[in-house]
Amino acid sequence: MRILQIGGGNFLRGFADWMIQKGNDAGVLDTGVVVLKVTPRPSRVPLRAAPFRVVLDGPDGPDVTRVDVIDEVVDAYADWDRCLAIARGDDLRLVVSNTTEAGIVDVPDDLSARPPETFPAKIAVLLHERWRHCGGDPARGLSFLPCELNEDNGRLLRSAVLRHAAALDPAFAAWTGAHCRFYDTIVDRIVPGGDAEEVRGERYAHWAIAGDPHIRDEFPLDRAGLPVEFLEDIGPYRVKKVRILNGSHTALAAVAPLLGCVTVNQAVGHPLAGEYLRRLLDTEVLPTLPPGAGPFAAATVERLASPALEHRLADIALNAIAKWQTRNLPVVRDRWAAGERAPLNVFALACLVLGYAGEPGDFPVRDDAEVVARIRDGVFPFDDARLAEETADHVRAIRAAGPEAALEKVIR
Ligand SMILES: NC(=O)c1ccc[n+]([C@@H]2O[C@H](COP(=O)([O-])OP(=O)(O)OC[C@H]3O[C@@H](n4cnc5c(N)ncnc54)[C@H](O)[C@@H]3O)[C@@H](O)[C@H]2O)c1
Ligand SMILES: O=P(O)(O)OC[C@@H](O)[C@@H](O)[C@H](O)[C@H](O)CO
């Protein structure tokens, strides 16, 4: 069997490729991976069909795995014909992707371009080639496992692909709708970096996959003891993971640089930033979740405290306003709806607003130029009067007393 992998970033190498290697080693899979490079920009890590090491930090030292599953890398912009040939392949069954949350977009595209610009349009054209080649054989549909962190990632990808498919040929769209399976998944492993030879991450991993049970036989990694779970609905699991882990990351990336921290583990170990994190989880995030999320929150704090990960706050701060909106704002809204307050999450937003505005000057701002410019012009990023007012209160307090004293006051 062959798996088509869209994107060759560190996350997929340290998570999906690592799992496929383990599945092959355990005898539950027998598959190679072909990686498609789908952006015209140069890769951060040069992509090669060559073995690499996955080094995972754990309580008893690093665990090193040689991953040798990538047997081909194709650049869609350099060799689209080869991509079409791969799509025709008899041995192709599964597609995994990670194109960041920016990749699954539902916008018009030029389907005659070689290649089309967006990820879903590329998939539609590749599937169309497959459909033509197999004469619409129902058995030749593909299964998609998107790893992007968008909510309902499988459903989103399916609907964008189907829109392009309908423009190509209604009969092809019907085949795609009936015989290709798009699974919602949620992935969890902190993978802070790597290069062509090595990917660094944590030992912890979890992959929750929802939907049609067909996938359990195509991708039976649970039978190799891997942390892959097949669930009917991953919604509740997703909310818990995103609010606890990603919300903590985004809050720390906003607050901790103002206290002089550079990495996540420094922040967790910092007396004030560490207390901020624990209180954020205990008093704001956990009350918005169903009972039973406490152990996951405690385990998350331990994961974030690991010194071996060297996860830079500045890297997590990429597009921080949009991330705060999806990871932290829902907590604020739920607390308000329950007649409670959420000052620690709003404090993080105040730190972002100040940081984006250039005070203090060394804040790691990595966002869309337009988003940054609007904040610098004094425009509050959300259309919400209460949020604007509470954020402004924190901004004033930070300006007057400095970040440490202002934070002390909010915490205690
Ligand atoms: N690194 C982690 O700890 C981690 C953990 C869980 C999930 N994730 C997911 O991974 C993403 C970051 O991935 P990474 O850490 O491997 O980073 P990365 O920058 O190494 O890889 C990102 C990949 O996305 C591709 N890409 C970017 N924009 C695209 C677009 N518009 N269309 C198509 N492809 C596009 C890039 O070419 C690259 O292959 C996050 O946004 C999140 O969705 C990461
Ligand atoms: O990858 P991003 O930039 O979307 O978010 C940064 C981190 O919060 C994220 O990558 C976590 O490490 C990951 O979600 C853990 O499973």
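Looking up the protein chain in an unreviewed UniProt entry gives the name Putative dehydrogenase, with the organism given as Actinoplanes missouriensis.

### Some points on the site of ligand 2
By nearness alone, 13 residues border ligand 2, and Asp188, Lys241, Asn246, His249 and Lys323 come closest of all. Between an oxygen atom of ligand 2 and a main-chain N or O atom of Arg189, the distance comes to 3.1 Å. Side-chain polar atom of Lys323 to an oxygen atom of ligand 2: 2.6 Å apart, as the coordinates give it. Across the complex, the protein chains shield 81% of the 400 Å² of accessible surface that ligand 2 would expose by itself. Secondary-structure elements contributing two or more residues to the shell around ligand 2 are strand S9 (184-188), helix H8 (235-255) and helix H13 (320-327). For the shell around ligand 2, the element with the most residues is H8, which contributes 4 residues. Counting the residues that make up the shell around ligand 2, at least three belong to each of domain 1 (2-233) and domain 2 (237-411).

### Here we look at helix H18 (residues 403-411)
Turning to H18, its buried residues number three or more, namely Ala406, Leu407 and Ile411. Projected down its long axis, H18 shows its buried positions confined to an angular sector of 130°, all on one face. In this structure, the buried residues of H18 make contact with H8, helix H10 (271-285), helix H15 (343-356) and helix H17 (385-401).

### A word on helix H11 (residues 294-304)
The complete set of buried residues in H11 reads Phe296, Ala297, Thr300, Val301, Arg303 and Leu304. The arc enclosing the buried residues of H11, seen along the axis, measures out at 160°, which places them on a common side. What points out from H11, more than 90 degrees from its buried face, is the exposed set Pro295 and Glu302. Each element contacted by the buried residues of H11 is listed here: S9, strand S11 (198-202), H8, helix H9 (264-269) and H10.

### Thoughts on the packing of H13 against H15
The geometry of H13 relative to H15 is characterised by a closest axis approach of 11 Å and an angle of 165° between their N-to-C directions. Here H15 runs roughly antiparallel to H13, going by the angle between their axes. The element H13 and its partner H15 pack so that their crossing is left-handed. Where H13 approaches H15, its residues Ala320, Ile321 and Trp324 are matched on the opposing element by Asn345, Val346, Ala348, Leu349, Leu352 and Tyr356. Residues that form the contact of H13 with H15 fall into these classes: 8 nonpolar, 1 polar and no charged.

### Section: the packing of aromatic side chains
Going through the model one piece at a time under the given rule, you end up with 8 aromatic pairs. Judged by centre distance (5.1 Å) and plane angle (50°), the ring pair of Phe15 and Trp207 falls under tilted. Here Trp207 lies in strand S12 (residues 206-210) and Phe15 lies in the loop between helix H1 (10-14) and helix H2 (16-26), a separation of 192 residues in the sequence. Like Phe15, the residue Trp207 is buried in the burial classification. With a centroid separation of 5.6 Å and 45° between ring planes, the pair formed by Trp324 and Phe382 is classed as tilted. Taken as a pair, Trp324 in helix H13 and Phe382 in the loop between helix H16 (369-376) and H17 lie far apart in primary sequence, 58 residues in all. In this structure Trp324 comes out as buried when scored by relative accessible area, which is 0%. One aromatic cluster is present, built from ring pairs that chain together Phe11, Phe15, Trp207 and Phe219. For Arg189, the ring lying beneath its charged end belongs to Trp18, and the centroid distance is 4.1 Å. Sitting over the face of the ring of Phe296, Lys240 holds its NZ or CZ atom 5.0 Å from the ring centroid.

Cut-off values and rules
- Residues numbered from 1 in each chain as written.
- Chains lettered and ligands numbered in written order.
- Predicted model: local features only at pLDDT ≥ 70, side-chain atom pairs only at ≥ 80, totals over all residues.
- Heavy atoms only, no water.
- Near = heavy atom within 4 Å.
- Polar contact = N/O pair within 3.5 Å; in protein donor to acceptor, adjacent residues only side chain to side chain.
- Areas by Shrake-Rupley, 256 points an atom, 1.4 Å probe, with all protein chains shown as cover.
- Helix = DSSP H or I, 4+ residues; strand = E, 2+ residues; numbered from the N terminus.
- Domains from an automatic or database assignment.
- Buried < 20%, exposed > 50% of the residue type's maximum accessible area, 1.4 Å probe, protein only.
- Arc of directions from axis to C-beta.
- Contact = heavy atoms within 4.5 Å.
- Axes fitted to C-alpha atoms, helices over the stretch in contact; angles between N-to-C directions.
- Parallel < 35°, antiparallel > 145°, perpendicular 65-115°, else oblique.
- Left-handed = near helix turned anticlockwise from the far one by under 90°.
- Nonpolar A, V, L, I, M, F, W, Y, C, P; charged D, E, K, R; others polar.
- Phe/Tyr/Trp six-rings, centres within 6.5 Å; stacked < 30°, edge-to-face > 60°.
- Lys NZ or Arg CZ within 6 Å of the ring centre and 35° of its normal.

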